[in-house]
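Chain residues, written in single-letter form:
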Amino acid sequence: QVQLVESGGGLVQAGGSLRLSCVTSGNVYSMNTMGWYRQAPGKQRELVADITSGGTISYADSVNGRFTISRDNAKNTIYLQMNLLKPEDTAVYCCRLVFLRKDYWGQGTQVTVSS
(Lines give C-alpha, C1' and ligand atoms only; values in the text may rest on other atoms or scores of the structure.)
Protein backbone atom coordinates (compact mmCIF):
# COMPACT_ATOMS: atom_id res chain seq x y z
CA GLN A 1 0.00 0.00 0.00
CA VAL A 2 1.39 3.37 -1.05
CA GLN A 3 1.01 6.12 1.52
CA LEU A 4 1.99 9.78 1.48
CA VAL A 5 1.99 11.81 4.69
CA GLU A 6 2.47 15.57 4.73
CA SER A 7 3.51 17.64 7.71
CA GLY A 8 4.77 21.11 8.54
CA GLY A 9 1.72 23.26 7.94
CA GLY A 10 0.56 25.88 10.38
CA LEU A 11 -0.31 29.50 10.98
CA VAL A 12 2.26 32.17 10.17
CA GLN A 13 2.30 35.90 9.60
CA ALA A 14 2.89 37.43 6.20
CA GLY A 15 6.57 37.40 5.39
CA GLY A 16 7.22 34.31 7.46
CA SER A 17 8.43 30.86 6.46
CA LEU A 18 7.35 27.24 6.68
CA ARG A 19 8.84 23.98 5.49
CA LEU A 20 6.52 21.19 4.41
CA SER A 21 7.54 17.54 4.29
CA CYS A 22 6.01 14.60 2.46
CA VAL A 23 7.13 11.10 3.38
CA THR A 24 6.35 8.22 1.03
CA SER A 25 5.96 4.66 2.29
CA GLY A 26 4.93 1.37 0.75
CA ASN A 27 6.22 -0.48 -2.27
CA VAL A 28 7.87 2.52 -3.91
CA TYR A 29 11.63 2.15 -4.08
CA SER A 30 12.60 3.93 -7.27
CA MET A 31 12.76 7.60 -8.13
CA ASN A 32 9.42 9.00 -9.24
CA THR A 33 7.84 12.30 -10.14
CA MET A 34 6.52 14.05 -7.05
CA GLY A 35 5.01 17.44 -6.45
CA TRP A 36 3.11 19.86 -4.28
CA TYR A 37 -0.38 21.14 -5.05
CA ARG A 38 -2.63 23.50 -3.15
CA GLN A 39 -6.32 24.31 -3.00
CA ALA A 40 -7.86 27.39 -1.44
CA PRO A 41 -11.56 27.62 -0.55
CA GLY A 42 -13.69 28.14 -3.64
CA LYS A 43 -10.78 27.66 -6.02
CA GLN A 44 -9.40 24.88 -8.18
CA ARG A 45 -6.44 22.83 -7.07
CA GLU A 46 -3.27 24.15 -8.63
CA LEU A 47 0.28 22.97 -9.08
CA VAL A 48 2.78 24.67 -6.79
CA ALA A 49 5.96 22.80 -7.67
CA ASP A 50 7.09 19.40 -8.85
CA ILE A 51 10.31 17.48 -9.36
CA THR A 52 10.85 14.62 -11.78
CA SER A 53 12.91 11.49 -11.27
CA GLY A 54 15.60 13.16 -13.36
CA GLY A 55 15.66 16.22 -11.13
CA THR A 56 13.77 18.65 -13.37
CA ILE A 57 11.89 21.21 -11.27
CA SER A 58 8.89 23.34 -12.17
CA TYR A 59 7.27 26.15 -10.18
CA ALA A 60 4.07 28.09 -10.48
CA ASP A 61 4.76 31.69 -11.45
CA SER A 62 3.07 32.88 -8.27
CA VAL A 63 5.62 31.13 -6.03
CA ASN A 64 8.74 31.18 -8.19
CA GLY A 65 11.57 32.81 -6.27
CA ARG A 66 9.88 32.31 -2.90
CA PHE A 67 9.38 28.53 -2.69
CA THR A 68 11.94 25.76 -3.14
CA ILE A 69 11.17 22.08 -3.72
CA SER A 70 13.80 19.48 -2.86
CA ARG A 71 14.11 15.72 -2.59
CA ASP A 72 15.86 13.24 -0.34
CA ASN A 73 15.70 9.90 -2.14
CA ALA A 74 17.27 7.96 0.73
CA LYS A 75 14.43 9.08 3.01
CA ASN A 76 11.71 8.88 0.33
CA THR A 77 10.82 12.44 1.21
CA ILE A 78 10.23 15.70 -0.62
CA TYR A 79 10.19 19.14 0.95
CA LEU A 80 8.73 22.52 0.16
CA GLN A 81 10.54 25.45 1.71
CA MET A 82 8.20 28.44 1.66
CA ASN A 83 9.61 31.90 2.30
CA LEU A 84 8.10 35.38 2.15
CA LEU A 85 4.65 33.92 2.60
CA LYS A 86 1.63 35.95 1.53
CA PRO A 87 -2.03 35.72 2.62
CA GLU A 88 -2.88 34.46 -0.87
CA ASP A 89 -0.69 31.40 -0.17
CA THR A 90 -3.31 30.22 2.33
CA ALA A 91 -4.53 26.79 1.24
CA VAL A 92 -4.45 23.08 1.91
CA TYR A 93 -1.19 21.76 0.50
CA CYS A 94 -1.12 18.18 -0.80
CA CYS A 95 1.69 15.93 -1.91
CA ARG A 96 1.38 13.99 -5.16
CA LEU A 97 3.24 10.91 -6.37
CA VAL A 98 3.14 9.57 -9.92
CA PHE A 99 3.93 5.86 -9.92
CA LEU A 100 3.22 3.33 -12.68
CA ARG A 101 0.94 5.83 -14.42
CA LYS A 102 -1.18 6.28 -11.30
CA ASP A 103 -1.62 9.28 -9.01
CA TYR A 104 -1.28 9.02 -5.25
CA TRP A 105 -2.16 11.83 -2.86
CA GLY A 106 -1.53 12.65 0.75
CA GLN A 107 -4.19 13.90 3.14
CA GLY A 108 -2.99 17.49 2.99
CA THR A 109 -1.67 19.99 5.48
CA GLN A 110 -3.20 23.40 6.17
CA VAL A 111 -1.14 26.53 5.61
CA THR A 112 -2.65 29.78 6.85
CA VAL A 113 -0.91 33.12 6.36
CA SER A 114 -2.27 36.08 8.29
CA SER A 115 -1.82 39.72 7.35
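Further up the page is the structure itself.
Reading the values: rules and limits
- Residues numbered from 1 in each chain as written.
- Predicted model: local features only at pLDDT ≥ 70, side-chain atom pairs only at ≥ 80, totals over all residues.
- Heavy atoms only, no water.
- Buried < 20%, exposed > 50% of the residue type's maximum accessible area, 1.4 Å probe, protein only.
- Helix = DSSP H or I, 4+ residues; strand = E, 2+ residues; numbered from the N terminus.
- Pairing = 2+ DSSP bridges.
- Polar contact = N/O pair within 3.5 Å; in protein donor to acceptor, adjacent residues only side chain to side chain.

J.: Looking at this model, I keep getting lost on the pairing of strand β11 (residues 109–114). Mind explaining?
T.: A one-sided burial pattern is seen for β11, the buried positions being T109, V111 and V113 and the unburied ones Q110, T112 and S114. Where strand β2 (residues 10–13) lies against β11, four bridges are found, and the strand directions are parallel. The residue bridging V12 from the neighbouring strand is V113, located in β11. Across three bridges, strand β9 (residues 91–99) lies against β11 in antiparallel orientation. Looking at the pairing, A91 lines up with V111 of β11.

J.: So what exactly am I meant to see when it comes to the pairing of strand β4 (residues 33–39) here?
T.: On a regular strand, one side chain projects to one face of the sheet and the next to the other, so that they alternate. Counting buried positions along β4 gives five out of seven residues, so the element sits mostly inside the fold. Relative to β9, β4 runs antiparallel, the two sharing seven bridges. Paired with T33 across the bridge in β9 is V98. Sheet topology places β4 next to strand β5 (residues 46–51); five bridges connect them, and they run antiparallel.

J.: Sorry if this is basic, but what is going on with the environment of R71 here?
T.: With respect to the helices and strands, the residue R71 is situated in strand β7 (residues 67–72). A distance of 2.3 Å separates a polar side-chain atom of R71 from the backbone oxygen of N32. Here N73 takes part through its side chain, which lies 3.0 Å from a polar atom of the side chain of R71.

Treat this as a map of the structure, not an account of what it does.
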